[in-house]
Amino acid sequence: MEDKNYNNKEDLIVAYLSGNANRQDIEALKVWLNESSENRKYFLQRQEIWFSSISEKESSLYDVNKAFELFRNKTERRGCQEKEKSFRRFPLFFRYVAVVAILLAISMISYYKGGESVKKVFAQIVVEAPMGSRTKLNLPDGTLVWLNAGSRIAYSQGFGVDDRKVELQGEGYFEVRHNADVPFLVETKDLKVRVLGTKFNFRDYPDDKEVMVSLMEGKVALNNLLKNEAEAFLKPNQCVILDKKSGNMTIQSMQVNNSREWTNGYLFFDEELMTDIVKELQRSYSVKISFATDSLKDIRFYGNFVRQEQTLEEVLNALTATGKMHYSRKGNNITLY
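The rules behind each value
Residues numbered from 1 in each chain as written. Predicted model: local features only at pLDDT ≥ 70, side-chain atom pairs only at ≥ 80, totals over all residues. Heavy atoms only, no water. Axes fitted to C-alpha atoms, helices over the stretch in contact; angles between N-to-C directions. Helix = DSSP H or I, 4+ residues; strand = E, 2+ residues; numbered from the N terminus. Parallel < 35°, antiparallel > 145°, perpendicular 65-115°, else oblique. Left-handed = near helix turned anticlockwise from the far one by under 90°. Contact = heavy atoms within 4.5 Å. Nonpolar A, V, L, I, M, F, W, Y, C, P; charged D, E, K, R; others polar. Buried < 20%, exposed > 50% of the residue type's maximum accessible area, 1.4 Å probe, protein only. Pairing = 2+ DSSP bridges. Salt bridge = Lys/Arg side-chain N within 4 Å of Asp/Glu carboxyl O. Core = buried A, V, L, I, M, F, W, Y, C linked by side-chain atoms within 4.5 Å. 1 Å grid on protein atoms, 1.4 Å probe; cavity = no way out; pocket = protein on both sides within 12 Å on 5 of 7 lines; lining within 4 Å. Points joined across faces, edges and corners; volume = space filled by probe spheres on them. Expected span 1.5 Å × (residues − 1). Arc of directions from axis to C-beta.

Draft legend 1. How the structure looks around the packing of helix α8 (residues 274-285) against helix α9 (residues 312-320). Two numbers describe how α8 lies on α9: the axes approach to 11 Å, and their chain directions differ by 165°. As the angle between them shows, α8 and α9 are arranged roughly antiparallel. Relative to α9, the crossing made by α8 is left-handed. In this structure, α8 uses M274, L281 and Y285 to contact α9, whose residues at the interface are L312, V315, L316 and L319. In the contact of α8 with α9, the residues fall into seven nonpolar, no polar and no charged.

Draft legend 2. Spotlight on the pairing of strand β2 (residues 135-138). The alternating pattern of β2 places T135 and L137 on a buried face, while none of K136 and N138, on the opposite face, is buried. For β2 and strand β3 (residues 144-147), the ladder comprises four bridges, and the chain directions are antiparallel. By the bridge assignment, T135 is partnered in β3 with L147. Between β2 and β3, which pair antiparallel in sequence order, lie five residues; one of them, G142, sits at a positive phi of approximately 95°.

Draft legend 3. Representation of the pattern of salt bridges. A complete count under the given rule lists 17 salt bridges for this structure. For R152, the salt bridge is made with E128, and the minimal N-O distance between the two is 3.8 Å. Taken together, the residues span a long stretch of sequence, with R152 in strand β4 (residues 151-156) and E128 in strand β1 (residues 124-129) at a distance of 24 residues. The exposure class assigned to R152 is partly exposed, which follows from its relative accessible area of 30%. E128 sits in the partly exposed class, given a relative accessible area of 49%. With its nearest N and O atoms 3.3 Å apart, the salt bridge here joins D294 to K297. Exposure remark for D294: the relative accessible area of 53% places this residue in the exposed category.

Draft legend 4. Quick look at the nonpolar core. The biggest cluster of nonpolar side chains holds 30 residues, and the ones touching the most others in it are F174, F200 and F202. L267, M274, F291 and L312 belong to the second-largest nonpolar core, a separate cluster that totals 21 residues.

Draft legend 5. Here's a closer look at the layout of surface pockets. Its volume calculated, the largest pocket comes out at about 1000 Å³. As for the largest pocket, its lining consists of 32 residues, and the residues nearest its centre are R203, E210, M212, E272 and D276. Breaking the lining of the largest pocket down by element, the ones donating at least two residues are β8 (199-204), β9 (210-217), β14 (266-273) and α8. A per-element tally of the lining of the largest pocket places β14 first, with eight residues.

Draft legend 6. Inspection of the pairing of strand β13 (residues 249-253) at higher detail. Summarising the sheet, strand β12 (residues 238-243) and β13 pair through five bridges and their orientation is antiparallel. What sits directly across from L242, in β13, is M249. What sits between the antiparallel neighbours β12 and β13 is a turn of five residues, in which G247 has the positive phi angle 80°.

Draft legend 7. Broad picture of unusual backbone geometry. Look at N237: it is not a glycine, yet its phi comes out positive at around 65°. Here N237 is to be found in the loop between β11 (232-234) and β12. The backbone of S286 sits at a positive phi, close to 55°, despite the residue not being glycine. Along the chain, S286 falls in the loop between α8 and β15 (288-291). With a relative accessible area of 39%, S286 lands in the partly exposed category.

Draft legend 8. Just the sheet that holds strand β17 (residues 327-330), in detail. Strands sit in the order β15-β18-β17 across an open sheet of three strands; the sheet is mixed. Among the strands making up the open sheet, the edge pair consists of β15 and β17. Across the sheet, the mean angle from the axis of one strand to that of its neighbour is 20°, orientation sign disregarded. Pairing analysis gives four bridges linking β17 to strand β18 (residues 333-336), with the strands arranged antiparallel.

Draft legend 9. Spatial organisation of the environment of R307. Structurally, the position occupied by R307 is in the loop between β16 (300-306) and α9. Its relative accessible area of 9% is what places R307 among the buried residues. Between the C-alpha atoms of R307 and F268, which are 39 residues apart in sequence, the distance is 10.0 Å. Apart from the residues lying within four places of it in its own chain, the contact partners of R307 are R134, N148, A149, W262, G265, L267, S284 and Y285.

Draft legend 10. Helix α2 (residues 23-35), seen in detail. Taking 1.5 Å of rise per residue, 13 residues should cover 18 Å, and α2 covers 19 Å from first to last C-alpha, within 8% of that figure. For α2, the complete set of buried residues consists of L29, K30, W32 and L33. Taken end-on, α2 shows its buried residues confined to a sector of 165°, consistent with a single buried face. Turned more than 90 degrees away from the buried face of α2 sit R23, Q24 and V31, all of them exposed.

So, in structure tokens, the structure goes:
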């Protein structure tokens, strides 16, 4: 929405921040916030001004004389009684200091409660990449995210109000917009990554045995959610592997750029186990692949394919060309033997 339309929403924003908006007003505000990042930025600016100021409603409840009278009565109850003539001689300056202190306290309470209401009113936004596809999106703060097939992220509709947190399931590549005041958090049920501004790949599918984070640029902090241990850090061209069964994290050096090749449409297998390759093929081509014998699961394979240009049959033919396996197919069901 352009600046010329902001005035049409001013009353709605004020009604919401003052707690006078009804359900219909709140829904209208949500729709407007979702229209553009400019709208969300404008709302955050108005919210900051509102909660850091004393509203007319609050100030109307306290005139100078009454506020000071309340202040004087409170101090008297604590054993600070003075004679009436002493009070009349009390410097006017200190009377206004007392009033300011009271109003500042009211304003702080308003700011806290207002911030809490903002966080509660916004629902979660969920973005998914279906099987056989990838999804690219930009978060409200300008961060670029790629989601691999079968992945999803969720974040608050109030993203950026006082945090930049996303929940990930599957695999995502992030180019995080730098903001030293509000760290960017990516969390799964196994691992939490905290960054300020960086590029990294985060992989944690529910059926994977390991979690893997690869860092291209910047620096990230790692918090193991499976095991109580000190915070660890990654440097560029390093990756961390978290074993879901043991909870152990291992940091190692590697050519991390290969881990983001999927964002360019490539299937890159670097001596990977067939179990992991099968999972990637299932997500990329939306099929079901099973093993006729468990011995095939331990085979490793190296290969590089272009998903948009090469069919599943071409990939499977390349795998069987090693002479280590064969396959049969019935519709979307494939068996390796």
